[in-house]
Amino acid sequence: MALCTCSTSRRQQRGTRHATPQGSYQAHVLKAGSFRLPASGDGSRAVTSPRAASRSQRFPVKMAASVLRLASRRCLCLRLSPGSSMPHVVPMGTTAKEEMAKFWEKNTKSQRPLSPHISIYEWTLPMSMSIIHRGTGVGMSLGVSLFALSALALPGQFSDYLDLIKSFSLAPALIYSAKFALSLPVTYHTWNGIRHLAWDLGIGFKIPQLYQSGALVLVLTVLSSLGIAAM
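Below you will find a few notes about this structure.

What counts as what
All residue numbers here refer to positions counted from 1 along the written sequence of the relevant chain. Restriction of local features to residues with pLDDT of at least 70 applies here, the model being predicted, together with a cutoff of 80 or more for giving and counting side-chain atom pairs; totals for whole chains, interfaces and linings are based on all residues. Based on all heavy atoms of the structure, the side-chain values leave hydrogens and waters out of the count. Secondary structure elements follow DSSP: runs of H or I of four or more residues count as helices, runs of E of two or more count as strands, with numbering from the N terminus. Each residue's exposure class comes from its accessible area (1.4 Å probe, protein chains only) as a fraction of the maximum for that residue type: buried when under 20%, exposed when over 50%, partly exposed otherwise. Any two residues whose heavy atoms approach within 4.5 Å at even a single point are treated as in contact. Residue-level accessible areas treat just the shown protein chains as cover; the underlying method is Shrake-Rupley with a 1.4 Å probe. Patch membership needs two things, relative accessible area over 30% and no salt bridge, and members are linked within 9 Å if like-charged or within 5 Å if nonpolar (Val, Leu, Ile, Met, Phe, Trp, Tyr). A pairing counts as a salt bridge when a side-chain nitrogen of Lys or Arg comes within 4 Å of a carboxyl oxygen of Asp or Glu. Here a pair means two rings of Phe, Tyr or Trp (six-membered ring of Trp) with centres within 6.5 Å. Their orientation is stacked below 30 degrees between planes, edge-to-face above 60, and tilted elsewhere. The span one expects for a helix is its residue count, reduced by one, times 1.5 Å. For a residue, the bend is simply the angle between two axes, fitted respectively to the seven-residue segment ending there and the seven-residue segment starting there.

1. So, the overall build of the protein
Right, so step 1: Counting its regular elements, the protein contains nine helices and two strands.
Right, so step 2: Of the regular secondary structure in the protein, the N- to C-terminal order runs α-α-β-β-α-α-α-α-α-α-α.
Right, so step 3: For the protein, buried positions account for 9% of its 231 residues.
Right, so step 4: For the protein, restricting intrachain contacts to residue pairs at least 6 apart in sequence, the fraction spanning at least 24 positions comes to 60%.
Right, so step 5: Entry remark: accessible area of the protein is about 19,300 Å², with carbon and sulfur atoms responsible for 68%.

2. Here we look at a nonpolar patch on the surface
Right, so step 1: Together, Phe 147, Leu 154, Phe 158, Tyr 161, Leu 162, Leu 164, Ile 165, Phe 168, Leu 170, Leu 174 and Ile 175 make up an exposed nonpolar region whose accessible area comes to about 1,100 Å².
Right, so step 2: Counting residues per element, the nonpolar patch draws most heavily on helix α7 (residues 158–166), which supplies five residues.
Right, so step 3: Looking at the secondary structure, you find Leu 174 in helix α8 (residues 172–200).

3. Observations regarding unusual backbone geometry
One can expect most non-glycine residues to show negative phi and most peptide bonds to be in trans.
Right, so step 1: Residue Ser 169 is not a glycine yet carries a positive backbone phi of 55°.
Right, so step 2: The residue Ser 169 is located in the loop between α7 and α8 in this model.
Right, so step 3: Judged by relative accessible area, which is 62%, Ser 169 ranks as exposed.

4. Some thoughts on the packing of aromatic side chains
Right, so step 1: Applying the stated criterion across every chain, the model contains three aromatic pairs.
Right, so step 2: On the numbers, 6.1 Å between centres and 75° between planes, the contact of Phe 147 with Phe 158 is edge-to-face. Taken together, the positions of Phe 147 in helix α6 (residues 125–153) and Phe 158 in helix α7 put the pair 11 residues apart, joining distant regions of the chain.

5. Some details on helix α5 (residues 96–110)
Right, so step 1: The end-to-end C-alpha separation of α5 is 21 Å, in line with the 21 Å expected for 15 residues at 1.5 Å each.
Right, so step 2: Of the residues flanking the end of α5, it is Gln 111, one or two places downstream, whose phi is positive at about 55°.

6. Some words on α8
Right, so step 1: Spanning 29 residues, α8 covers 42 Å between terminal C-alpha atoms, matching the ideal 42 Å at 1.5 Å per step.
Right, so step 2: Ser 183 marks where α8 bends most, by close to 30°; the proline Pro 185 follows one to four residues later.
Right, so step 3: Ser 183, Thr 187, Tyr 188, Asn 192, Arg 195 and Trp 199 are the residues of α8 that are buried.
Right, so step 4: Following α8 by one or two positions, Gly 202 adopts a phi angle in the positive range, close to 85°.

7. Topic: the pattern of salt bridges
Right, so step 1: One pass over the full model with this rule turns up one salt bridge.
Right, so step 2: Residues Lys 109 and Glu 105 are paired through a salt bridge, measuring 3.3 Å at the closest nitrogen-oxygen approach. Remark: Glu 105 and Lys 109 occur in helix α5; sequence separation between them is four residues, near one turn of the helix.
Right, so step 3: Judged by relative accessible area, Lys 109 falls into the exposed class, the value being 65%.

In structure tokens:
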């Protein structure tokens with residue numbers, strides 16, 4: 001019995017030693033600003049100090065005042081300088097069609113050439129060879145297509161038409177010239193295509209190299225065409 005009394009008194013002393021006065025706990029909570037107390041319903045409810053509540057009430061007022069101040073400054077700037085804010089606005093009395101008509105009328109009176117226009121460029125070797133390369137490509141495509149269609153549509157064999165040409169007894173110079181003219185676009189497009197492949201590898205983009213490779217292509221084209229015509 002004595003042992004039970006001693007243990008009970010010790011537990012009471014420990015409880016009183018670690019207990020916190022209610023007044024000091026409330027003061028600590030008020031200094032912190034806000035805390036949460038358990039509620040009987042769905043969780044917890046917030047208890048806010050008067051200072052935090054006044055701050056939360058003043059924040060929307062300050063935000064609205066700053067927005068109104070910024071909007072008033074913007075309106076004042078637009079009113080004082082309307083030309084600087086919208087300098088390229090078309091008057092409401094004109095339409096897009098009328099503005100386009102004025103634009104072309106101005107160009108016609110000033111006699112400006114259309115761009116790009118051949119007459120305003122200086123012809124150079126790379127420019128000329130580029131145009132010829134595309135022209136020979138289109139010409140060969142059309143020639144091969146016409147040859148294939150004629151082979152399908154015309155009667156007889158290819159050897160029959162060769163015999164027909166030989167029967168005309170044409171001069172050797174004329175035959176040589178015809179063969180040279182037929183082989184010239186093929187050889188030019190071939191050699192210049194190799195030049196384009198070198199460009200794809202990043203070789204020969206300097207201005208002197210462009211002229212040197214262009215001259216080399218022309219020389220090889222003539223020599224190859226002469227060799228094919230002599231066969």
